[in-house]
Amino acid sequence: QIAKILVDELFLGNDPMTIFEEEDLVVDKGMTHVSAKDVDMVLAVAPQPVTFWLELGSFEGGSAILASEQILLHGLNTSVVAVDT
């Protein structure tokens with residue numbers, strides 16, 4: 001799994017997100033110009049199965065979270081990686 005490889009390589013196997021409880025993570029989902037319909041369209045036309053979703057320039061991650069939610073709704077087993085500088 002890509003997420004495990006990244007955690008192993010970047011954080012020596014210690015996932016920094018495990019220190020947070022889900023209710024502690026607050027994300028402004030309004031910080032995106034992508035809609036659920038946009039994600040659904042990409043998922044529909046992309047070669048199947050969609051196993052990897054890469055977002056570049058993620059800022060606060062609103063689009064990546066929206067994509068993750070839509071991917072889950074479609075029942076896909078897809079790794080989502082968001083990168084920003």
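Each chain carries its own residue numbering, running from 1 in the written order of its sequence. Local features in this predicted model are restricted to residues of pLDDT 70 or higher, and side-chain atom pairs are both shown and tallied only at a pLDDT of 80 or more, whereas totals for entire chains, interfaces and linings draw on every residue. Hydrogens and water molecules were not included; the side-chain quantities draw on all heavy atoms of the structure.

Buried and open spaces are told apart on a 1 Å grid over the protein atoms alone, a cavity being a set of points where a 1.4 Å probe fits but cannot get out and a pocket being an open set with protein on both sides within 12 Å along at least five of seven lines. Residues with an atom within 4 Å of a point are the lining residues. Grid points are joined across faces, edges and corners, and a volume is the space filled by probe spheres set on the points. Looking at the largest pocket, its volume works out to about 960 Å³. Taken together, 25 residues form the lining of the largest pocket, with Met17, Ile65, Ser68, Val80 and Ala82 sitting closest to its centre. Working definition: helices are DSSP H or I runs of at least four residues, strands are E runs of at least two. Numbering for both runs from the N terminus. Among the elements of the structure, helix 1 (2–11), helix 3 (62–73) and strand 2 (79–83) are those that each provide at least two residues to the lining of the largest pocket. Gly is put with the polar residues, along with every residue not named as nonpolar or charged; the nonpolar set is Ala, Val, Leu, Ile, Met, Phe, Trp, Tyr, Cys and Pro, and the charged set is Asp, Glu, Lys and Arg. Taken together, the residues of the lining of the largest pocket break down into 16 nonpolar, 5 polar and 4 charged.

By salt bridge we mean one thing: a side-chain nitrogen of Lys or Arg within 4 Å of a carboxyl oxygen of Asp or Glu. In the structure shown here, the tally under the stated rule is 1 salt bridge. Here Asp8 ties to Lys4 by a salt bridge, and the two come within 2.7 Å at their closest N and O atoms. Of this pair, Asp8 and Lys4 both sit in helix 1, 4 residues apart, which is roughly one turn of that helix. Here the term buried applies to any residue with accessible area under 20% of the maximum for its type, exposed to any over 50%, and partly exposed to those in between, with areas from a 1.4 Å probe on protein chains only. Accessibility expressed as a relative area gives 32% for Asp8, which makes it partly exposed.

Another aspect to go through is the side chain of Ser63. By secondary structure assignment, the location of Ser63 is in helix 3. When its relative accessible area of 14% is taken as the criterion, Ser63 is described as buried. Here the side chain of Ser63 touches Thr32 through a polar contact of 2.3 Å, side chain to side chain. Note on definitions: a residue-residue contact is assigned when non-hydrogen atoms from the two residues lie within 4.5 Å. Discounting residues that sit within four places of it in the chain, Ser63 has contacts with Met31, Thr32, His33, Val34 and Glu55. For this analysis, a polar contact is any N or O atom pair within 3.5 Å, provided that within protein one partner can donate a hydrogen and the other can accept it, and provided that sequence-adjacent residues contribute only side-chain to side-chain pairs.

Further remarks concern the side chain of Ser79. On the secondary structure map, Ser79 appears in strand 2. Residue Ser79 is classed as buried on the basis of its relative accessible area, which comes to 12%.

Just distances and angles here, no functional claims.
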